[in-house]
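# Architecture at a glance
Here are the chains, one letter per residue:
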Amino acid sequence: MEIKFTLQGLLVYLTIAAYLSAFVVTMLRRARTGHLLYLMGFAFAVVAYGYRWVHVRHVPLQNLFEVFLCLGMIYPVSLFSRRVLRVGGYAADMLIGAIVLFPAGFVFHAEPQQLPPALQSWLFTPHVAVYMFSYIFMAKATVQAVWQLAGKNPEHDRNLLEPEQATYRLICVGFPLLTLGLILGSYWGKKAWGDYWGWDPKELWSLVSWLVYVAYFHFRYMFGKRRARTNSLLAILGMAAIIITLLWVNLSRLFPGLHSYAT
Amino acid sequence: MNKFRRAILWAALAAIVALTVLSIYGAFIGADRAQAFFNRVPLAVYWVFFAALLAVGIAVFRRLVRVPGLLMMHAGCVLILVGGMWGSKLGHDLQKRLFGIEKVREGRMVIYEGTSENRIVVDDAGREFETLPFSLKLNDFRIEYYQPANLYIETRQGERLKVPVELDKEFAVGEGLGTAKVVRTFENFKMGKEDGENVFYDDPNVGSNPALEVQVTQADGQVATKYIFEKFPGHSHGQDAFLMNYRRTISDYISEIEIVENDKVVGAKDVEVNHPLHFGGYHFYQSSYDDKAGRYTVLSVHADTGLYVVYAGYWLLCLGIIWHLWLRHVLAKMKSKSA
Ligand code: HEM
């Protein structure tokens, strides 16, 4: 945990503040103001990312700080979900945006770090980035699943799908990314350590997350919307497994732990 | 859906849930025990059952064959399972018994600089060996560091300074503490006597003792020479106004390897972390080294049995899922727009 007393840090904190106030204001039924604040947060996020780009003079996707900074520009995902997938959830997205930026603001170092040999691979960034992207869609799916279980649909918009269908559609978008993350990780494991599967807890939990969504697909195929509550429950379980995957071996202990070279 | 198909789907769901539960159990017992657990005979039965179930599913659900994405992802899973089982410990035992294929599954090689080696250590204690039909010769093992290295300075007031090591570049240490500069670097620092005087030199022989010679000019003009050792951090004298540490960050471990077959050199590669050597059905990985003197390297050896079947499965699985869940819909949308 560290606070960044830099312009870069300030931009991140401004974005988080804008997202959080956007969320609160939206909850207080000031949708228009909330949306404006969300857009403002997005503008800060773009400036933060652009500043980073100018600062490091390469596409800023080479370490975890930069990946989370990138994900902080979540607005296009909201827009894509609404326009293309016909799924709402703007308010939740504001919160997801703030959560995603938290590691960039408080956990990961902004100064370019000297990577240990095992992490010097072109696979590092895509493996992490793809996972994080899928987590955003799965988080959105979880919000919809919770609405379905609660029997509520806060957004009365005829253009949007109802929560059960919205959950399915979001998982359909997130699942290929989840699969890609798993396979890239496995391929990298082979390149770096000699085994494409090492049976370590992080790997097993990521497999669990993946399997829960596989179960979701098959259960939903078998029963359709007749067992809508179970569908939603499986979607939520998937997110629970993802959170455990992320926290099980927390990142600070992950690098010097089993996932490292020559310890 | 008829009863039989429904039963298959229930069995599939049960198999998926079972693997989920087993994986959670595996996560609790740690990697080594989990690996042993998932390779036991009852689990092998489960893996075969799962693969067979997928195959039966493909056979009885017409959509799984007709819809390309569905076929690719389910067939991909079959390939991953089959490839994984073929390359497993039990898989290797079976191949030996049925087809007489003698392939070492995994182990490690210790190779000294300038020598060839064809033995693979296959047990933890280092007593059991298997031999390869070719040898690996280690020309040189080296460690590379990020440049520049750094000199870390901590004053008694707790101020910290990080200075990149550049020869003869003077820098201020802190208020009233004067200046300093690095005047010499050593890879293998040694001390000797010449005419009763201490002399310090870089020993080209085997050994490693990286050090810096730092010239400190105090505020009152007095000059002193200090030696800072990477392997002995935090070493200071009572009268020192500040503490100096020399630290380098490793960027890579490199083994320069030649492959020797029938006394002929048939290939060469610098084996680095993330860049294994692939030859004769095996992958060789930079794994460890002689951390005292850098005289030998340790490569871990893994057979590539079944690997390409697994990779083919990965491709099918990925392409199938991306096609079925994404591209199919994008294409349909584009078609409906243009119509
Ligand atoms: C264990 C044996 C399995 C059987 C018998 C089986 C069978 C099926 C069947 C019948 C469908 C419905 C196809 C349709 O839409 O008409 C299906 C869909 C699907 N299966 Fe499997 N499956 C198995 C394992 C797996 C595994 C291991 C995966 C992992 C990738 C998987 C991924 C999927 C996906 C993603 C769908 C698409 C769901 C959708 O479009 O909503 N299946 N499976």
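Above this note sits the structure.
Residues numbered from 1 in each chain as written. Chains lettered and ligands numbered in written order. Predicted model: local features only at pLDDT ≥ 70, side-chain atom pairs only at ≥ 80, totals over all residues. Heavy atoms only, no water.

With 53 residues of chain B at the contact, the number on the chain A side is 49 residues. The interface formed by chain B and chain A contains 0 salt bridges. Where chain B packs against chain A, one counts 7 residue pairs in polar contact (both at pLDDT 80 or more). Taken together, the elements giving at least two residues each to the side of chain B that touches chain A come down to α1 (3-29), α2 (31-38), α5 (68-86), β13 (250-261), β16 (282-289), β17 (296-303) and α7 (307-338) of chain B. Counted by class, the side of chain B that touches chain A contains 30 nonpolar, 19 polar and 4 charged residues. (Contact = heavy atoms within 4.5 Å. Salt bridge = Lys/Arg side-chain N within 4 Å of Asp/Glu carboxyl O. Polar contact = N/O pair within 3.5 Å; in protein donor to acceptor, adjacent residues only side chain to side chain. Helix = DSSP H or I, 4+ residues; strand = E, 2+ residues; numbered from the N terminus. Nonpolar A, V, L, I, M, F, W, Y, C, P; charged D, E, K, R; others polar.)

On to the site of the ligand, then. Close to the ligand lie 22 residues; A:Y168, A:H218, B:F50, B:R63 and B:H74 are nearest. A distance of 3.4 Å is found between an oxygen atom of the ligand and a side-chain nitrogen or oxygen belonging to A:Y221. For the ligand, an oxygen atom lies 2.3 Å from a polar atom in the side chain of B:R63. Sorting the residues of the shell around the ligand by element identifies α8 (201-223) of chain A together with α1, α3 (41-60), α4 (62-66), α5 and α7 of chain B as the ones contributing at least two each. At 5 residues, the largest contribution of residues to the shell around the ligand is made by α8(A). Classifying every residue of the shell around the ligand gives 17 nonpolar, 4 polar and 1 charged. (Near = heavy atom within 4 Å.)

Residue and element names in this part refer to chain B. Taking strand neighbours across the sheet as the criterion, the 4 strands line up as β6-β7-β10-β11 in an open arrangement whose pairing is antiparallel. Both edges of this open sheet fall to β6 (171-174) and β11 (223-229), since each of them pairs with a single strand only. The sheet shows a mean angle of 35° between the axes of neighbouring strands, taken without regard to direction. Sheet analysis places strand β7 (residues 178-186) next to strand β10 (residues 211-217), joined by 7 bridges and oriented antiparallel. Bridge pairing in β10 links V182 to V214. (Pairing = 2+ DSSP bridges. Axes fitted to C-alpha atoms, helices over the stretch in contact; angles between N-to-C directions.)

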